[in-house]
Amino acid sequence: MQIYLVGGAVRDALMNPCDTTTEPSHADRDWVVIGSTPEAMVQQGFLPVGRDFPVFLHPLTREEYALARTERKTAPGYHGFAFHADPGVSLEDDLARRDLTINAMAVAATEAHDPTRARLIDPYGGRADLLAGVLRHVTTAFAEDPVRILRLARFAARFPSFSVAPETSALMREMVGAGEVDHLVPERVWQEISRGLMEQRPSRMLEVLRDCGALKRLLPEVDRLWGVPQRADYHPEVDTGVHLMMVLDMGARLGANLAVRFACLCHDLGKGTTPPDVLPRHLGHEARSAELLQGLCDRWRVPRESRELAEVVAREHGHIHRSGELGAAALVRLLERCDALRRPARFDEVLLACECDARGRLGHSEQAYPQSARLRSALLAAQAVDTGEIARSVMRQPLPAWASESQGNPVKASTAGERIANAIHHVRCRAVAVALRLDTPSDATAP
């Protein structure tokens, strides 16, 4: 039995030969066992955990060890495979089934402590492609698994200086044309898209997927943004798709979490459905973005946290951008619509997504975003209001004169709960007006 370290751990070690202080964050150590059987692995104390093919946990380290295997395509999509593992499968056979040449290198376990000094097993030219900065498929078996299109796009986002080999680009286009990506299961699509969003330059993922046609099949709401013009006075980059890529990369630059980056991805979906006769204006695109977002999230089973944040950003980002012009009452209504008083941490994420949107424009990347500080000050003032005392006051006596009107209209407070809510809202407006030094808590022109 021979054991080898393969895949990402070898690749990352060769890319960062001087970094001996930290474990690569993107790849767990991937071990392959040659010349063994499931029975022999169990006898040596390994715990079987593989459902589709023989994978075992090491009895001490709990790392995964897989028996060398080959794959055979049996049906369209990600699950259509038959796996073959026996002692006769060689290391080269196992490496041949991997996606990219830079992931198809190995070193013996005895030398795995320092892959940079080990004898490299590299039958498919991975090191040369690593040095040249090329993402290239190992064999035509790449075409049998549509997930590999997403994985390659994710690697392009992780290594933005790498190019995609022309023959690999052509193969991916053939796969898309053959309908392979249409058979992908939602969980795998979301897994790879979410990972790609968290990479160094997420825009590269969209660029690669768009180039091969996969973006149009998987995320048509996103794909249709390219070629849609915006007003040049607001968006010097003009093209909505170009703006989207800049926003995503700003999210990466500012260290945004996944939910924020997903919100950035979806914030302008409605611009892809703007009627041509009104371009380059996009009136009402926020509501259309929020509606399109729901279908996208349903299709790919996006987790609730990301989905809810994206919905708030899609619906409110225009109002947040213009919040510097709003009076106290409008600011409080904006905070209430964003649920900022109950969920201030999420509101911080909303503001970060909006900052990415504002700075993800040509010539605006270094500009400040004062809306965030102003809205946080408004939120702090609104949070400082003693809602309990107001509720007790309302229950003890009729509403005072200052709470009997809202924007010049009589308050319809037929129940105690409504009276309390109206009073709290009004006091919050006054508190925000005082904190921001506004002349009046009333604002009839606000959204």
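Everything below is about the structure printed above this text.
Model, not experiment: these values are computed from the prediction.

**Q** I would appreciate a short explanation of the pairing of strand β1 (residues 2-6) in the present structure.
**A** For a regular strand, side-chain orientation follows a simple rule: the groups alternate between the two sheet faces. Alignment of β1 against strand β2 (residues 30-34), held across 5 bridges, turns out to be antiparallel. Looking across to β2, one finds that Q2 is bridged to I34. Relative to strand β8 (residues 106-108), β1 runs antiparallel, the two being bridged by 3 bridges. By the bridge assignment, L5 is partnered in β8 with V107.

**Q** So what exactly am I meant to see when it comes to the packing of aromatic side chains here?
**A** Remark: the centre distance and the inter-plane angle together describe each pair of aromatic rings, the angle taken between the planes. Tallied over the entire structure, the rule returns 5 aromatic pairs. A ring pair is formed by W31 and Y65, whose centres lie 5.4 Å apart and whose planes are at 5°; its orientation type is stacked. Placement of the pair is W31 in strand β2 and Y65 in strand β5 (residues 64-67), with a sequence separation of 34 residues. When its relative accessible area of 4% is taken as the criterion, W31 is described as buried. On the basis of relative accessible area, Y65 is assigned to the buried category, the value being 7%. For the ring pair F159 and F162, a centre distance of 5.2 Å and an interplane angle of 35° mean the geometry is tilted. We note that F159, like F162, is buried. Three or more aromatic residues joined by ring pairs form one cluster here, namely W31, F46 and Y65.

**Q** How should the nonpolar core be read in this particular structure?
**A** The nonpolar side chains of a soluble globular protein tend to be buried with one another. Counting residues in each nonpolar core, the largest one holds 105 residues, and the members touching the most others are V222 and F262. Listed in part, the 13 residues of the second largest apolar core include A68, V89, L91 and V138.

**Q** Would you take a moment to explain the pattern of salt bridges for this structure?
**A** Between side chains of opposite charge, pairing is possible as soon as their charged atoms come close. Under the definition given, this model contains 32 salt bridges. Here E199 ties to R158 by a salt bridge, and the two come within 3.2 Å at their closest N and O atoms. Note that E199 is positioned in the loop between α7 (186-197) and α8 (202-212) and R158 in helix α5 (residues 147-158), a separation of 41 residues in sequence. Relative accessible area serves as the criterion here: at 4%, E199 is assigned to the buried category. Overall, R158 belongs to the buried group, its relative accessible area being 7%. Connected via shared salt-bridge partners are D30, D94, R97 and R98.

**Q** Where do I start with the packing of helix α18 (residues 387-396) against helix α19 (residues 416-435) in this structure?
**A** Helix-helix packing is characterised by the crossing angle of the two axes and by the distance between the axes. Between α18 and α19, the shortest axis-to-axis distance is 9 Å and the interhelical angle comes to 130°. In terms of orientation, α18 and α19 fall into the oblique class. Helix-helix and strand crossings are classified by hand; for α18 and α19 the assignment is right-handed. Between α18 and α19, the contacting residues are T387, I390, A391, V394 and M395 on the first element and A416, R419, I420, A423, I424, V427 and R428 on the second.

**Q** When you look at helix α13 (residues 285-300) in this model, what are you seeing that I'm missing?
**A** Given a rise of 1.5 Å per residue, 16 residues ought to cover 22 Å, and the 22 Å separating the end C-alpha atoms of α13 matches this to within 8%. Residues of α13 that are buried: H285, E286, S289, A290, L293, L296, C297 and W300. Buried residues of α13 fall within an arc of 135° about the axis and therefore sit on the same side. Along α13, the residues that are exposed and aim more than 90 degrees away from the buried face are A287 and E291. Where α13 is buried, its residues touch α7, α9 (214-218), α10 (220-223), α12 (258-266) and α14 (304-321).

**Q** What's the story with unusual backbone geometry in this structure? I'm lost.
**A** Most peptide bonds take the trans form, and the phi angle of most residues other than glycine is negative. In this model, L279 is joined to P280 through a cis peptide bond whose omega is 5°. Here P280 is to be found in the loop between α12 and α13. Of note, the phi angle at D339 is positive, near 60°, even though the residue is not glycine. Relative to the helices and strands, D339 resides in the loop between α15 (328-337) and α16 (344-359).

About the cut-offs
Residues numbered from 1 in each chain as written. Predicted model: local features only at pLDDT ≥ 70, side-chain atom pairs only at ≥ 80, totals over all residues. Heavy atoms only, no water. Pairing = 2+ DSSP bridges. Helix = DSSP H or I, 4+ residues; strand = E, 2+ residues; numbered from the N terminus. Phe/Tyr/Trp six-rings, centres within 6.5 Å; stacked < 30°, edge-to-face > 60°. Buried < 20%, exposed > 50% of the residue type's maximum accessible area, 1.4 Å probe, protein only. Core = buried A, V, L, I, M, F, W, Y, C linked by side-chain atoms within 4.5 Å. Salt bridge = Lys/Arg side-chain N within 4 Å of Asp/Glu carboxyl O. Axes fitted to C-alpha atoms, helices over the stretch in contact; angles between N-to-C directions. Parallel < 35°, antiparallel > 145°, perpendicular 65-115°, else oblique. Left-handed = near helix turned anticlockwise from the far one by under 90°. Contact = heavy atoms within 4.5 Å. Expected span 1.5 Å × (residues − 1). Arc of directions from axis to C-beta.

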